[in-house]
There are 4 protein chains.
Amino acid sequence: MASETGRIEAFSDGVFSIAATLLVLDLKPPPEALPFWRGLAAQWPGFLSFLLSFLFIGIMWINHHRLFSHIRRADEVLMAVNLLLLLGVVWVPYPTSLMTQSVGTARMRDAALLYNGSYVVIALLFNLLLSTCASRQLVDRSYLGVKNIAKRYAVGPTLYLVCLVVTWWSVPASLALNGAMALYFLLSPDTSLRVHRTDGG
Amino acid sequence: MASETGRIEAFSDGVFSIAATLLVLDLKPPPEALPFWRGLAAQWPGFLSFLLSFLFIGIMWINHHRLFSHIRRADEVLMAVNLLLLLGVVWVPYPTSLMTQSVGTARMRDAALLYNGSYVVIALLFNLLLSTCASRQLVDRSYLGVKNIAKRYAVGPTLYLVCLVVTWWSVPASLALNGAMALYFLLSPDTSLRVHRTDGG
Amino acid sequence: MASETGRIEAFSDGVFSIAATLLVLDLKPPPEALPFWRGLAAQWPGFLSFLLSFLFIGIMWINHHRLFSHIRRADEVLMAVNLLLLLGVVWVPYPTSLMTQSVGTARMRDAALLYNGSYVVIALLFNLLLSTCASRQLVDRSYLGVKNIAKRYAVGPTLYLVCLVVTWWSVPASLALNGAMALYFLLSPDTSLRVHRTDGG
Amino acid sequence: MASETGRIEAFSDGVFSIAATLLVLDLKPPPEALPFWRGLAAQWPGFLSFLLSFLFIGIMWINHHRLFSHIRRADEVLMAVNLLLLLGVVWVPYPTSLMTQSVGTARMRDAALLYNGSYVVIALLFNLLLSTCASRQLVDRSYLGVKNIAKRYAVGPTLYLVCLVVTWWSVPASLALNGAMALYFLLSPDTSLRVHRTDGG
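Residues numbered from 1 in each chain as written. Chains lettered and ligands numbered in written order. Predicted model: local features only at pLDDT ≥ 70, side-chain atom pairs only at ≥ 80, totals over all residues.

Draft legend 1. Molecular detail of the interface of chain B and chain A. On the chain A side, the residues contacting the 26 residues of chain B number 26 residues. When contributions to the side of chain B that touches chain A are tallied by element, the ones reaching two or more residues are α1 (2-22), α2 (36-41), α3 (44-68), α8 (171-187) and α9 (189-200) of chain B. Among the elements that make up the side of chain B that touches chain A, the one with the highest residue count is α1 of chain B (nine residues). Counted by class, the side of chain B that touches chain A contains 17 nonpolar, seven polar and two charged residues. (Contact = placed C-beta atoms within 7 Å. Helix = DSSP H or I, 4+ residues; strand = E, 2+ residues; numbered from the N terminus. Nonpolar A, V, L, I, M, F, W, Y, C, P; charged D, E, K, R; others polar.)

Dropping the structure here:
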């Protein structure tokens, strides 16, 4: 069984790492007309989208990793739901690319709506995966303060939904919020660690 | 021996996950001439092909995973046949791309024939892998209601052949059937679960 | 130690599977001017290069897998030599692409020389890896009919060298020989199996 | 716990191997106007950048592998810092591509500054990973001559900083130094082996 979960993780790790790495293909060279460093600076929308999406995929991977470290049994439903989540992850480079291209154009708001909206959906898919594990009792006993976990992870889609709403008001603010969320999730490990300790030890 | 199978799975997982992820590179930005959301909607053939092919590769991976969880011994023939199956998987992005480009053009039927025909061949390669495992006795005892398994998996190529035939009559119908099959394979885990229980427990 | 080798294999599996999968990105759509199937047929140089290179990478992977199943201990020299081999594998899509583009042009012979020459070098790098394992005693005892193994693997570079020489005389003949070698390596598992039995059991 | 580290390694291996393999996508065909081999020779900046970056990523992977073989426990901070390092690795193909395109143009110095500067930052991120492991006591006891290790690894950013400074004076000299460092790191395994023996045995 362990090895069964192992292969789901291997396939997922492949998808996560490839999707994260493909993001670099979308970075364009600085335009020839400008001096190098000013041309590079003019590419900031690409760098920003690259950074936000890489962190988003990376954090999704960390969450995926954390969840699967508690899964003891895999079944077909889990594999199907996991596949849907991976579909979301594979999708990420597309809205990222549109976001990059649209900065400073009339389509920026629309692209940002697609971008933040995609994150809401992917965060919801992650919560679907989590609730699948809970309802099918695939996670180990020590994790069965699952409702709390579920509440904790519900923070993700909620915050990305706020991001989405903020987009109507201001695209830069929505991206800043998106980035702040990534940094918060990445740099506040103490909370997560506490979870680990509570559940696992 | 376990680790020998393990590496075949790792290489296969790599190929499956990369082929699935590369599909996103084929999604084109909405044409500048249209408003964003209408332009995006005009890209539906790309999204549909992306979705169908991702699900196809994902389901092939699930089947591959399920089969290999029963393989106890690997030999050179298995590796060669597995390599042929992976060749098929790596091929998938190409007919997918042609399918996307040809929607609404005179070549749509031909591209759909290539697309559905590729699926027939890949499904046959999977059955070749299965029968290789059976005839060379590489699967474990509990799986040796193998003929039933073989019959079950024969459903795949048969249905994709039906898809292929339907293509002559109507391309949209063939794609709808293709999608329905993906959803059926993905969302009807109960049958598969029963198999698991019968064979493994 | 097992896990140390395990990670070298994981990194190598990644490189092998990605290099093999990236080959599909080089397949071009059939030209619009021709009917679909004739345009597709006109792409045969791309399909042939794709097939040959995929099989070459796949067979290199099988050999790599077989060798590493006998490696019990990894050291820094092994990692460095393995990295050089992987450099060769990563290189493959480039001469493949040039081969495809040059079929039917005046540069076909030159591109085929680069293509077959690359295979000679990569096969030599594999033999360097093998002799590194032998001289540093990294393989297990039962494999220490190593000289015979070395002789067997020396067949690879020799045959690819023949391919390279044949290229001067006839490019199609060199590609046909290249393909025949791939099929031979792939479809004659009995010899390899015998090796396995002799060494491992 | 072992398996927890295992998955971080799997994700990292994926990112390292994909970033290294994507480098090949940037190799351009020789210009049609020149004879094949002279056209190929004219692509030397691409081959040089490809080689340097592949070796850089490969050596970073070897170091990452070596470090993780001593890590016994993973926590959230480790995952976050590891993610930053991977962000650096994913970034590599971009300055590599700019370096290639700018050889022989007025922007060569600037591109080389970005290139060598990226290496400094990535080497610093690796040292941040190392010091995270040390300060959070994630590595095993036998490795706790960690300060020496830290000193050893501090060589990396220092040398890449020298590379960066040399770039102002001469771009070719900086690239030559960069390559010499790669060869030194790759071909001087005796030192590294001694470390292994001292720490591990």
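Draft legend 2. Highlighting the packing of helix α4 (residues 76-91) of chain C against helix α6 (residues 108-135) of chain C. Residues and elements named next belong to chain C. Put simply, α4 and α6 touch, their axes get as near as 9 Å, and they point 165° apart. Taken together, the axis directions place α4 and α6 in an arrangement best described as roughly antiparallel. In the packing of α4 onto α6, the handedness of the crossing is left-handed. Contact residues: α4 offers Val77, Leu78, Val81, Asn82, Leu84, Leu85, Gly88, Val89 and Trp91, while α6 offers Ser118, Val121, Ile122, Leu125, Phe126, Leu128, Leu129, Thr132 and Cys133. For the contact of α4 with α6, the residue count by class is 14 nonpolar, four polar and no charged. (Axes fitted to C-alpha atoms, helices over the stretch in contact; angles between N-to-C directions. Parallel < 35°, antiparallel > 145°, perpendicular 65-115°, else oblique. Left-handed = near helix turned anticlockwise from the far one by under 90°.)

Draft legend 3. Looking closely at helix α4 (residues 76-91) of chain A. Residues and elements named next belong to chain A. For α4, with 16 residues, the first-to-last C-alpha span of 23 Å sits near the 22 Å given by 1.5 Å per residue. Counting buried positions over the 16 residues of α4 gives twelve, a clear majority of the element. Listing the buried residues of α4 in full gives Glu76, Leu78, Met79, Ala80, Val81, Asn82, Leu83, Leu85, Leu86, Val89, Val90 and Trp91. (Expected span 1.5 Å × (residues − 1). Buried ≥ 20, exposed ≤ 12 C-beta atoms within 10 Å, placed from the backbone.)

Draft legend 4. Quick look at the interface of chain B and chain C. Listed as interface residues are 26 residues of chain B and, on the opposing side, 26 residues of chain C. Breaking the side of chain B that touches chain C down by element, the ones donating at least two residues are α1, α4 (76-91), α5 (93-102) and α6 (108-135) of chain B. Of the residues forming the side of chain B that touches chain C, the biggest block, nine residues, is contributed by α1 of chain B. Within the side of chain B that touches chain C, the residues separate by chemical class into 17 nonpolar, three polar and six charged.

Draft legend 5. Region of the structure containing the relation of the copies chain B and chain A. Turning chain B through 90° and shifting it by 0.0 Å along the axis lays it on chain A, with an RMSD of 0.0 Å. The transformation relating the two chain copies, once decomposed into turn and shift, fits a four-fold axis. Taking C-alpha positions as the reference, the residue of chain B nearest the rotation axis is Gly14 of chain B, at 4.3 Å. Looking at the interface residues of chain B, only 12% of them are also at the interface in chain A, so each copy uses its own face. (Least-squares fit on C-alpha atoms with pLDDT ≥ 70 in both.)

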